[in-house]
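Spelled out from the first residue to the last, the chains are:
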Amino acid sequence: MISVAMTTYNGEKYICEQIESILNQSMKVDEIIVCDDGSSDSTIELLKKYPVKVVQNDMNLGYRLNFKKAMELCSGDYIFLCDQDDIWLPNKVEEMMRMMKTHSNMHVLSSSFIYIDDKNQEIQMKLDKSRSNNNLYCRPVKKDSLYQVDFLDYLSMNYFQGCSLLLDKWIKDLVLEYYSTDIEHDYLINSIAASYNSMYFYNKLYLNIVCTKRILLVHNMIRKQKKNICNEQIH
């Protein structure tokens, strides 16, 4: 059984396109769980048009606790994490599930992605050959290849966004057991999986599309990582 754990908050501008991209996958998911964190726009009304389970929070939880709640409500053996403002290309679920099922020691899989603007036009990035995953990951990984991520890589920062993740029930239960709001949910998931040598990166583009408003966040993450590396070299 395949679940999707989605969180929403005032996402009326993007939510329909995201939901429809999930429903139109070449491999169908079994359930879409949406936890809404107190939207004041038309997000809830729009979601009522689709075969999804919507849970409205009594109070605003913030994205970390909201994702925890969404994962708790998922009953699938495999769980895709999902933001409200992405677009999944039609083979995302099929390709990532194929990878997961053919590697018995894999408990978390991240894909790569491309950036688009608010008109769905691709944004070209200047890529660093010494990095991968749109310059987020500090190691070069060949295009379309699978890479096992080392736990030590996570000592400085997180490299793979939650919206790109597929995890199985085993790691989900483990993450929920040790869940903490002191750390981002995706950082926690990836770190725990890597500590069991079960975190993988599939450097396949076009499996997930991320909106341009996150580019500043990503650039800040890269600057933070480079600062940490410089500090380590000084000490």
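Structure shown above.
Reading the values: rules and limits
- Residues numbered from 1 in each chain as written.
- Predicted model: local features only at pLDDT ≥ 70, side-chain atom pairs only at ≥ 80, totals over all residues.
- Heavy atoms only, no water.
- Helix = DSSP H or I, 4+ residues; strand = E, 2+ residues; numbered from the N terminus.
- Buried < 20%, exposed > 50% of the residue type's maximum accessible area, 1.4 Å probe, protein only.
- Contact = heavy atoms within 4.5 Å.
- Pairing = 2+ DSSP bridges.
- Axes fitted to C-alpha atoms, helices over the stretch in contact; angles between N-to-C directions.
- Salt bridge = Lys/Arg side-chain N within 4 Å of Asp/Glu carboxyl O.
- Core = buried A, V, L, I, M, F, W, Y, C linked by side-chain atoms within 4.5 Å.
- Polar contact = N/O pair within 3.5 Å; in protein donor to acceptor, adjacent residues only side chain to side chain.
- Left-handed = near helix turned anticlockwise from the far one by under 90°.

(A) Representation of the environment of Ala5. With respect to the helices and strands, the residue Ala5 is situated in strand S1 (residues 2–8). Taking relative accessible area as the criterion, Ala5 reaches 0% and is therefore assigned buried. In this structure, the C-alpha to C-alpha distance between Ala5 and Ile33, residues 28 residues apart in sequence, is 5.1 Å. When near neighbours in sequence (up to four residues on either side) are disregarded, Ala5 contacts Ile33, Phe67, Ala70, Met71, Cys74, Ile79, Phe80, Leu81 and Cys82.

(B) How the structure looks around the side chain of Ser191. With respect to the helices and strands, Ser191 occurs in helix H6 (residues 185–195). Excluding residues within four positions of it along the chain, Ser191 makes contact with Phe151 and Tyr154.

(C) Structural context of the sheet that holds S1. The strand order across the open sheet formed by eight strands is S3-S2-S1-S4-S9-S5-S10-S8, and the pairing between neighbours is mixed. The open sheet is flanked by strand S3 (53–56) and strand S8 (146–148), the only strands paired with a single partner. Averaged over all neighbouring strand pairs, the angle between strand axes comes to 20°, with direction disregarded. Relative to strand S10 (residues 199–202), S8 runs antiparallel, the two sharing three bridges. Residue pairing in the sheet places Gln148 in a bridge with Tyr200 of S10.

(D) Summary view of H6. Among the eleven residues that make up H6, ten are buried, leaving the element largely enclosed by the rest of the structure. Of all the positions in H6, only His185, Asp186, Tyr187, Leu188, Ile189, Asn190, Ser191, Ile192, Ala193 and Ala194 are classed as buried. For H6, the secondary structure elements touched by its buried residues are helix H3 (63–73), strand S4 (78–82), strand S5 (108–111), strand S9 (165–168), helix H5 (169–177) and S10. Positive backbone phi, approximately 55°, marks Asn197, located one or two places after H6.

(E) Inspection of the pattern of salt bridges at higher detail. Going through the model one piece at a time under the given rule, you end up with four salt bridges. Glu45 is paired through a salt bridge with Lys48; the nearest N and O atoms lie 3.0 Å apart. Across this residue pair, the class does not change: Glu45 and Lys48 are exposed. The residue Lys169 makes a salt bridge to Asp173 at a minimum N-O spacing of 2.7 Å. Linking Lys169 with Asp173, this pair stays in helix H5, spanning four residues, or about one helical turn. With a relative accessible area of 36%, Lys169 lands in the partly exposed category.

(F) How the structure looks around the nonpolar core. Core analysis: the largest hydrophobic core is formed by 32 residues, its most contacted members being Met71, Leu81, Val108, Tyr154, Phe160, Ile171 and Met199. Elements that contribute at least two residues to this core include exactly strand S2 (31–36), H3, S4, S9, H5, H6 and S10. Among the elements that take part in this core, H6 stands out by supplying six residues, more than any other. If we ignore the near neighbours within four places in the chain, the residues touching Met71 are Ala5, Leu81, Leu167, Lys172, Leu176, Tyr179 and Ile189. Counting residues in hydrophobic clusters, the runner-up holds 27 residues, among them Ile19, Met96, Met99 and Leu109.

(G) Seen up close, the side chain of Asp168. Along the chain, the position of Asp168 falls in strand S9. A distance of 2.5 Å separates a polar atom in the side chain of Asp168 from a polar atom in the side chain of His107. Engagement of the side chain of Asp168 in a polar contact is seen with the backbone nitrogen of Ile171, the distance being 3.0 Å. Here Asp168 is in contact with Asp77, Tyr78, Ile79, Met100, Met106 and His107, once residues within four sequence places are set aside.

(H) Representation of H5 in the model. Of the positions making up H5, those classed as buried are Ile171, Lys172, Leu174, Val175 and Leu176. On its buried face, H5 is in contact with H3, S4, S5, S9 and H6.

(I) Here's a closer look at the packing of H5 against H6. Following both chains from N to C, one finds H5 and H6 inclined at 115°, their axes separated by 10 Å at the closest point. In this structure, H5 crosses over H6, and the sense of that crossing is right-handed. In this structure, H5 contributes Ile171, Leu174 and Val175 to the contact, and H6 contributes Leu188, Ile189, Ile192 and Ala193.

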